[in-house]
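Chain residues, written in single-letter form:
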Amino acid sequence: MSDGSIHSVATGLSDEPSFLEQRAQTRLTTRSRPDSNTSQFPSSPVHQTFSACNPFDESSDNYITPVNWASLQQVYPMLSVYGGATCIYPAQSYFALGTSRACILILNHKQILQTILGPQDENFRSPVERISVSSDGTHVAASYQSGDVFIWNLNGGESHERQLLPILNITAHKGCNVNGLGFVGKRHTAMVISDDSGAVLYHTGFRNHLWQLTYRTKVILNVANEGQILQTAISPATGVSGNNILRELHLLATVSQDSFALISMNPHLVTQYLEKTPKNDSGNSSPFRANISWDHSGTKVAYSLNKSISVFVLTGEKVNEEKLVNISKRETWNCQEEIINVQWVSEDLIGILTNSNELIVLTASEKLEPIAKVDLLSHDILTPSERHFACFKRQIFLLTSYTLKLGKFLSWSDVILHYVQNGNYIPALETVGFLLSSGSSLAQFVNLEVNLRKRKKQLEQPFRNLSLASLKYLLSKKECGYEKLFNLFSLILEVDNLFSDSLEEQVNFILDEPLELFNEEQLHVFYDVLSNKILEGAIKS
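Residues numbered from 1 in each chain as written. Predicted model: local features only at pLDDT ≥ 70, side-chain atom pairs only at ≥ 80, totals over all residues. Heavy atoms only, no water.

A word on the sheet that holds strand S3 (residues 94–99)
The cut-off we apply is this: When DSSP finds two or more bridges between a pair of strands, those strands are recorded as paired. Labels follow the DSSP assignment, with helices taken as runs of H or I lasting at least four residues and strands as runs of E lasting at least two, numbered in each case from the N terminus.
Reading across the sheet, the six strands line up as S2-S3-S4-S5-S10-S9 and stay open at both edges, with mixed pairing between neighbours. Each end of this open sheet is capped by a strand with a single partner; those strands are strand S2 (85–90) and strand S9 (159–160). Bridge count for S2 against S3 is five bridges, and the pairing is antiparallel. Its bridge partner being in S3, Ile88 is matched across the sheet by Leu97.

Thoughts on the nonpolar core
Where a protein is soluble and globular, its nonpolar side chains tend to be buried together. Definition in use: Within this scheme, the nonpolar core is defined by two criteria: the residues are buried Ala, Val, Leu, Ile, Met, Phe, Trp, Tyr or Cys, and they are joined through side-chain atoms within 4.5 Å. Categorising residues by exposure relies on relative accessible area from a 1.4 Å probe, with only protein chains included: less than 20% of the type maximum marks a residue as buried, more than 50% marks it as exposed, and the intermediate range marks it as partly exposed. The contact definition used throughout considers only heavy atoms, calling two residues in contact when any of these lie within 4.5 Å.
In this structure, Phe409 and Phe445 are the most contacted members of the largest nonpolar core, which totals 60 residues. Considering every element that reaches this core, the biggest residue donor is helix H9 (residues 482–499), with ten residues. If sequence neighbours within four positions are ignored, Phe445 has contacts with Phe56, Pro66, Leu349, Val361, Ile371, Ala372, Arg394, Phe409 and Leu410. Ranked by size, the runner-up nonpolar core spans 20 residues in total, among them Ala233, Ile245, Ala253 and Tyr303.

Description of the environment of Glu275
Quick reminder of the rule: Polar contact is defined as a pair of N or O atoms within 3.5 Å, subject to the rule that within protein one atom must be able to donate a hydrogen and the other to accept it, and that residues adjacent in sequence are counted only when both atoms are side-chain atoms.
Relative to the elements of secondary structure, Glu275 occurs in strand S19 (residues 270–276). The class of Glu275 is buried, set by a relative accessible area of 11%. Each C-alpha atom of the pair Glu275 and Val255 lies 9.7 Å from the other, and the pair is 20 residues apart in sequence. In this structure Glu275 touches Asp258, Ser259, Phe260, Tyr303, Phe312 and Arg330, once residues within four positions along its chain are discounted. At 2.8 Å, the side chain of Glu275 forms a polar contact with the side chain of Arg330.

Re the sheet that holds strand S22 (residues 308–319)
Keep this limit in mind: Angles run from 0 to 180 degrees between N-to-C directions of axes, and those axes are lines fitted to C-alpha atoms, restricted for helices to the stretch in contact.
Reading across from one edge, S20-S21-S22-S23 is the order of the four strands in this open sheet, with antiparallel pairing throughout. Each edge of the sheet is formed by a strand with only one pairing partner; in this case those strands are strand S20 (290–294) and strand S23 (322–334). For this sheet the average axis-to-axis angle between neighbouring strands, irrespective of direction, equals 20 degrees. In this sheet, S23 lies alongside S22 in antiparallel orientation, the contact comprising twelve bridges. Bridge assignment links Lys318 to a residue of S23, and that residue is Lys323.

Focus: the confidence of the model for the protein chain
Selection rule: Confidence scores per residue from the predictor, reported as pLDDT, run from 0 to 100.
In this model, the protein chain carries a mean pLDDT of 85, and residues with pLDDT of at least 70 account for 85%. The spread of mean pLDDT over the elements of the protein chain runs between helix H1 (residues 3–11), the lowest at 33, and strand S7 (residues 139–144), the highest at 98. Taken together, the stretch residues 1–47 has pLDDT below 50 and engages in 73 contacts with residues farther than four places along the chain or on a different chain.

What about the pattern of salt bridges?
Basically, it comes down to this: The working definition used for a salt bridge is a side-chain nitrogen of Lys or Arg within 4 Å of a carboxyl oxygen of Asp or Glu.
Overall, the coordinates contain nine salt bridges when judged by the stated rule. The residue Asp348 makes a salt bridge to Lys300 at a minimum N-O spacing of 3.3 Å. Placement of Asp348 in the loop between strand S24 (339–346) and strand S25 (349–354) and of Lys300 in strand S21 (residues 300–305) is noted, with a sequence separation of 48 residues between them. Pair check on accessibility: Asp348 and Lys300 agree, each one buried. One network of salt bridges, in which partners are shared, links Arg289, Glu338 and Glu386.

Description of helix H12 (residues 523–536)
Using the following cut-off: Every helix has an expected span of 1.5 Å times one less than the residues it contains.
For H12, which comprises 14 residues, the first-to-last C-alpha distance of 20 Å matches the rise-based estimate of 20 Å (1.5 Å per residue) to within 8%. Those residues of H12 that fall on the buried side of the exposure criterion are Val525, Phe526, Asp528, Val529, Leu530, Ser531, Asn532 and Lys533.

Next comes the structure, spelled out in structure tokens:
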């Protein structure tokens, strides 16, 4: 279509009122509307903004829960022999379940048992409290209520009665509560372990003169006199390209009652960052609650203390051959409740579990702010909740009183499909508008591009298909009324306006398939909407 023809559609070529202007005057002065209750299709007002159309806003009439849940019914029957689940560690293709009778069961996502890990002593019955896996997935470590730590080699080692036996038993933390457990770098028998005595120890395995695997211990920290160590976590060895310096430093994050620190362990111990933690302002003697979580790339670390969470974005650099850590960004957010667990949901999304079993998802891409909430109270999670909850790549794993539940966060297409399957095309179109105008913080949460231009490309064709489907749906109804059709087509043009970078793109879409759907009796609605949008300036010129 040429520029001249576009101009003629909008304004006409003579000084006399154009056809569209006459239609607009008719629409604004003489058109009577039928009762809006005569149609089952939902009414929608003209939108100046789509900011109120967040599908995950609990105050909205069109709210939908951001998670789809499934129960893995075959898992718990396997656990009955082992006394029930005590903790869970999810991974790409499997999950590991700690039990109250010292064993760890590894199952794939089809709920098929792969391996059973057991202690050397068959009379050992302490519950499993923490599980860690090496960077290559070949070794598993677990800490127990007794303070014992075992390491298993999944590719070998002795077996007894179908149970794989550990290759190493670390006893240095017996009688203490282990609050940090992680493999160092890409090593299989080197671990950093902390406990509530205030000790942070580096254990490394070696073969003695009898070729038996044993370990030696080095003290990293001992802050018993300064403030109790609340939790530690070592950065992952699997980082994305470009973060070699951070990976090589083997960063250890620690949080105590007094401070948060980042300590590099390679080539020697160096405190790279230190900050004082806020004092407990709860007004009582309740214990400190702390959590640390690294993202998969090792470039972001989050820690929470009581009701506050802070997220750090890290970069590495070399200065005079010395490797240093820079804090490129630090954001803090305060929760109304105590935070009992912190887990990365995806690259820029972090989930916090509160003491009322509410999961709050925060975006960490720009400023730290909540974008979705999920009430987990009704799922009857085993206590303590923080040990029976885990997130991994947009999935939630819950150990409940009755079953293992797997929750998957909805994508943008899941949201649209939910509305369409229920015949609610208006909220579906409004959601597209929200994601294009106000939903940048929600984009990654629903698997959309953060970049607006790329996001438009993702949504443009699905929106056009949705627009045609919604018009066909309404026009097929006998009770299709003027107001309902007017509102629907107005909404379609408003959302389309967010896609179009030129008037020609808009007119080409408007005069293509949508026009063909209107019969002669309904065609006046098409022109009424179009003329109104031109006079309002909603269609770009």
